[in-house]
Structures are given as C-alpha cells and as structure tokens.
Amino acid sequence: MLTVAWLSGCSGIQSAIDPAGEEATHVATLFWVMTCGGALIWAGTVAVLLYAVRRRTLYSEPAASRLIFWAGAVFPAITLILLLGYALWLMPSLRPLAQPGAPTLRIEVTGRQYWWRVIYRQPGTPPVVSANEIRLPVGERVEFTLKSDDVIHSFWIPALGGKMDMIPGRENRLSLRATKPGTFRGPCTEFCGTSHALMAFSAVAMEPAEFRQWLAGQHVPSAGATGTGARLFIRHGCGACHAVAGTEATGMLGPDLSHLGSRETLGAGILPNSQDNIARFIAEPDVIKPGVQMPGFDMLPPDDIEAIASWLKGLK
Ligand code: CUA
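Residues numbered from 1 in each chain as written. Predicted model: local features only at pLDDT ≥ 70, side-chain atom pairs only at ≥ 80, totals over all residues. Heavy atoms only, no water.

Quick notes on the overall build of the chain
A count of helical and extended segments in the chain gives eight helices and 12 strands. Taking 316 residues into account, the globule formula puts the C-alpha radius of gyration at 20 Å, and the chain, at 26 Å, lies well above it. Projected onto the principal axes, the alpha-carbon positions of the chain cover approximately 90 × 45 × 40 Å. For the chain, with 316 residues in total, the buried portion stands at 41%. In the chain, the share of contacts with a sequence separation of at least 24, taken over all contacts with a separation of at least 6, comes to 62%. Accessible surface for the chain amounts to roughly 16,600 Å². Of this, 65% is attributable to carbon and sulfur atoms. (Helix = DSSP H or I, 4+ residues; strand = E, 2+ residues; numbered from the N terminus. Rg over C-alpha atoms; globule rule 2.2 N^0.38 Å. Buried < 20%, exposed > 50% of the residue type's maximum accessible area, 1.4 Å probe, protein only. Contact = heavy atoms within 4.5 Å. Areas by Shrake-Rupley, 256 points an atom, 1.4 Å probe, with all protein chains shown as cover.)

Points about the environment of Ile157
Tracing the backbone shows Ile157 in the loop between β6 (153-156) and β7 (163-166). Distance from Ile157 to Gly21, taken between C-alpha atoms, is 9.7 Å for residues 136 residues apart in sequence. Once residues within four sequence positions are removed from consideration, Ile157 is found in contact with Leu176, Phe184, Arg185, Gly186, Phe201 and Ala203.

Digging into a nonpolar patch on the surface
Residues Val48, Tyr51, Tyr59 and Leu67 make up a contiguous nonpolar surface patch of about 380 Å² in total accessible area. Its place among the elements puts Tyr59 in the loop between α2 (22-54) and α3 (61-94). Its relative accessible area of 38% is what places Tyr59 among the partly exposed residues. (Patch = residues over 30% accessible without salt bridge, like charges linked within 9 Å, V, L, I, M, F, W, Y side chains within 5 Å. Salt bridge = Lys/Arg side-chain N within 4 Å of Asp/Glu carboxyl O.)

Considerations on the pattern of salt bridges
Inspection of every chain in the model, using the stated rule, returns 12 salt bridges. Across the pair Arg112 and Asp150 runs a salt bridge whose closest N-O atoms are separated by 3.8 Å. Placement of the pair is Arg112 in strand β1 (residues 105-112) and Asp150 in the loop between β5 (141-148) and β6, with a sequence separation of 38 residues. Owing to a relative accessible area of 24%, Asp150 belongs among the partly exposed residues under this scheme. With a closest N to O distance of 2.5 Å, Arg212 and Glu140 form a salt bridge. In this pair, Arg212 sits in helix α4 (residues 208-218) while Glu140 sits in the loop between β4 (133-137) and β5, placing the two residues 72 residues apart along the sequence. The exposure class of Arg212 is partly exposed, given its relative accessible area of 35%. Taken together, the shared-partner salt bridges connect Glu22, Glu23, Arg141 and Arg177 into one network.

Section: the side chain of Ser195
You can see Ser195 is positioned in the loop between β9 (182-187) and β10 (200-206). Under the relative-accessibility criterion, Ser195 is labelled buried at 1%. In contact with Ser195, not counting residues within four places along its chain, are Tyr114, Lys289 and Pro290.

A few points about the domain arrangement of the chain
Once the domains are mapped, the chain shows domain 1 (12-219) and domain 2 (228-313). Contacts between the two partners involve 23 residues from domain 1, matched on the other side by 20 residues from domain 2. Carbon and sulfur atoms make up 47% of the area that domain 1 and domain 2 hide from each other, which totals about 1,700 Å². Where domain 1 packs against domain 2, one counts zero salt bridges. Counting the contacts that link domain 1 with domain 2 gives eight residue pairs in polar contact (both at pLDDT 80 or more). Of the residues in the side of domain 1 that touches domain 2, the class split is nine nonpolar, nine polar and five charged. (Domains from an automatic or database assignment. Buried area = accessible area lost by both parts, 1.4 Å probe. Polar contact = N/O pair within 3.5 Å; in protein donor to acceptor, adjacent residues only side chain to side chain. Nonpolar A, V, L, I, M, F, W, Y, C, P; charged D, E, K, R; others polar.)

Digging into the sheet that holds β5
Ordered by their spatial adjacency, five strands build an open sheet running β3-β2-β1-β5-β8, and the pairing between neighbours is mixed. A strand with exactly one partner marks an edge of an open sheet, and here the two such strands are β3 (125-131) and β8 (172-177). Pairs of neighbouring strands in the sheet enclose a mean axial angle of 25°, with direction left out of account. Where β1 lies against β5, seven bridges are found, and the strand directions are parallel. (Pairing = 2+ DSSP bridges. Axes fitted to C-alpha atoms, helices over the stretch in contact; angles between N-to-C directions.)

Written as structure tokens, this is what we have:
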C-alpha cells in the first residue's frame, strides 16, 4: 500500500520511470531490472543472516568456507557480470543517431544562462528559431545537436530519454523518439549559476501531421506581429536583444519572441504564460529569475508595459 502511494509520486511530466519515449523505456527497464535484482539479493542476504543468528550449533569450518566461496564470491561475481552485460547490451540502443543523408528533423538546442535557444533544421527549408519549448513528432526519430554559449548546462527530458551535457565549444548529439503524445518537462541538470534551478523547458510530443502544420506556421511571422505593441517594443529598445519575425526586432542575445503567445510557459519553464506574467517579467526579471541578464524595465510607463505584454501574448 505504502509502496503504491510512494510510486504514484513517480509518474508525471518529469519522470524517468513513466516513459513516453523509446530511450526512456530502455532506461526505465534497466532501472527496474537493477532495482528488483538488488532487492532479491538483499532479501537473500538478510535471510542467510537471520538463519545464521538463530542457529544454535556451530558451523564446521569447511562448511563456512564453502558458503563464503559460493555465496560471497562466485554468486556476486556472476550476478554482477550478468547485470553489466545486460546494461552494455542496452547501451547502443540508447544512442541511435540518425543515418547521415536521411531527411530527418534536427533540433539544435543551445544552453544560455538561463534559457534555451531552439532551432529546427530540416533539409530544404529555412531554419525556424524559437526558445524554451521543444516540439517533436511522435513516432519519428529526432536528432538533437546540443551546444552552450557560456557555461556547462545539461539537457534532459526524463520522460523521453537520457541526459546529455551541453559544453561550450563542443557539439554533442542525442537522438530521441517519442512514443506517446503529451507535454513533458525538461530541467537543466548541471549547476550553471544562480538561476540554474529556474532553467527548464517544455517538450511537446505531437502527432506528426499536427507537428508539420505547427512547424509550417513557425516559418511565417505571427499575424499579430504588426500590432501597436510592436512600435513600443522597438522604441524602448527591446529589439536589441530579442527578435520578433515581421518587425524590425532582430536581436539575438535573448530568446526569440516571434511566437511567444503560443508557448505554454514563460521565463524558461518557470511561469504560466499569461499577460500578467509577461508584464511582471518585463518590469522585474531579476526578481523572478535572479542573475538573469535582462535588465528590469520598471521605469517604463505601466501602460507601455501592459501594451507590450498584451502584444507579446498575442503573438501566436
Ligand atoms: Cu543551465 Cu543549470
């Protein structure tokens, strides 16, 4: 009963043992084999210990030596070799990279203090730049190129697969295949500074047709891009750091905001995406996310902040 209650805490959007991807399923299987194997061996050891404690007569020396030889040396050696062999046998399937030349989707993710730049690359189409949210088609293998522009971050979507570091000056590759649609959470898993714990993203696994439609929509500016907020956004200098397709804003220092309104979260996975939260983030980003590189804009007239927030929320 207690075990059931305890394990129910392990399901959800950020759980390696509630897998929704091929690689995560292998990792979860390995986890359960190791856990059950360890539990059985522990139970056997405790049983032998209890038997030894309760036994009244002494063991003969040859019997004790035999027990130590078989149960204390031969059995653990064979078991550990078998478990190691099983883990090694699983390993190649945890890193299956797409064949070179095959028309596959590549998603380039770059870690920044404290957000993620996401670029979708497909042969024959211009790249799509986004941030803090990753969408991928269910049932298709996707190759991730993982980079960092500052310090070491680590990329992990527990429900979909294993973890991989993002190292400045290096390109690491990881391949994942989602098996169930859904929204999952990916945290940064390498301490990277003050707001390391506030650096996350959502990973949305979509039906392939729905995904293609979404990606096609990302190639064009949002219908809301020409709204009145755009003028204020440019006038107050936001475009020096942020890009919004269809406007003069082409900054690359901060997250691309071209379709901000359609993202599920704000501030790299830490706040629900609402107009109020966008306004709060513009006014005092360092209160929401200590150490963030964006300066606070609380000196702007509140009406301007509201207008910009409303415009950004409308960028679907
Ligand atoms: Cu990025 Cu921790």
